[in-house]
Amino acid sequence: MRRQLRPTDVKRLNRTWRRNTHNRLGLIVESVTGPFNIGSIFRSAAAFGVDEIWLAGNATPPTNPKAGKTALGTERLVTWHEAMPATEAVKAAREEGYTVLAVELTADAVPLHRAELGRDVCLVVGSEDHGCSPALLDAADGACYIPQIGRVGSFNVAVATAIALAEVRRQEWENLPES
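Novice: In this structure, what is going on with unusual backbone geometry? I would like to understand it.
Specialist: Most peptide bonds are trans, and most residues other than glycine sit at a negative phi. Of note in the backbone geometry, S31 takes a positive phi value of approximately 55° without being a glycine. Here S31 shows up in the loop between β1 (25–30) and α2 (35–47). Although it is not a glycine, L72 adopts a positive phi angle of roughly 50°. With relative accessibility at 53%, the residue L72 sits in the exposed group.

Rendered as structure tokens:
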């Protein structure tokens, strides 16, 4: 009979995945103002082992009480930096050794599953309404997009972030031996 894992079993399983994860993962969140989006982004970042988050532009901080309703305390599990200009966030990520890739539809963007994500990478997501700013896109090392086949043109920024973070880890774990 199939049953859910007990909390101790979940911790053991997560520890196994952590031991098999070596690439660093960063995130720049530019001008995402919806507190529920911020909370959800922080929760996904903590779940996928994001090492560092740089807030940029007028991004809402995770200390916003409404953000806390979806973050559920996960903001304390990820190192994060107060909002700064987007180009400074890109510079800071690069100085930490990350390749900076915007998750954005641009003329030169590659599909997410074809992006070279198996390294220390810092993903960039932009505002709910306008995406990444031109200055940020110009400063990034590249861009990738999430292929879609439905009739909706885009994902919610928190959902797009979770999809992109999952793909980074999927690429890293793809060739692990079966356990």
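Novice: Where do I start with the nonpolar core in this structure?
Specialist: Soluble, globular proteins show a tendency: their nonpolar side chains are buried together. The biggest cluster of nonpolar side chains holds 30 residues, and the ones touching the most others in it are L27, V29, V50, I53, L117 and L123. In terms of residue count, helix α6 (residues 157–173) provides more of this core than any other element does, six residues in total. Excluding residues within four positions of it along the chain, V50 makes contact with L25, G26, L27, A45, V78 and L165. Within the second largest apolar cluster, 18 residues are counted, among which are A89, A93, Y98 and L136.

Novice: Mind showing me how you'd approach α2 here?
Specialist: The end-to-end C-alpha separation of α2 is 18 Å, in line with the 18 Å expected for 13 residues at 1.5 Å each. For α2, the set of buried residues is P35, N37, I38, G39, I41, F42, S44 and A45. Elements that come into contact with the buried residues of α2 comprise β1, β2 (52–56), α3 (65–71), β3 (79–84) and α6. Where α2 ends, the next residue or the one after it, G49, has phi of about 75°, a positive value.

Calculation rules
- Residues numbered from 1 in each chain as written.
- Predicted model: local features only at pLDDT ≥ 70, side-chain atom pairs only at ≥ 80, totals over all residues.
- Heavy atoms only, no water.
- Helix = DSSP H or I, 4+ residues; strand = E, 2+ residues; numbered from the N terminus.
- Buried < 20%, exposed > 50% of the residue type's maximum accessible area, 1.4 Å probe, protein only.
- Core = buried A, V, L, I, M, F, W, Y, C linked by side-chain atoms within 4.5 Å.
- Contact = heavy atoms within 4.5 Å.
- Expected span 1.5 Å × (residues − 1).

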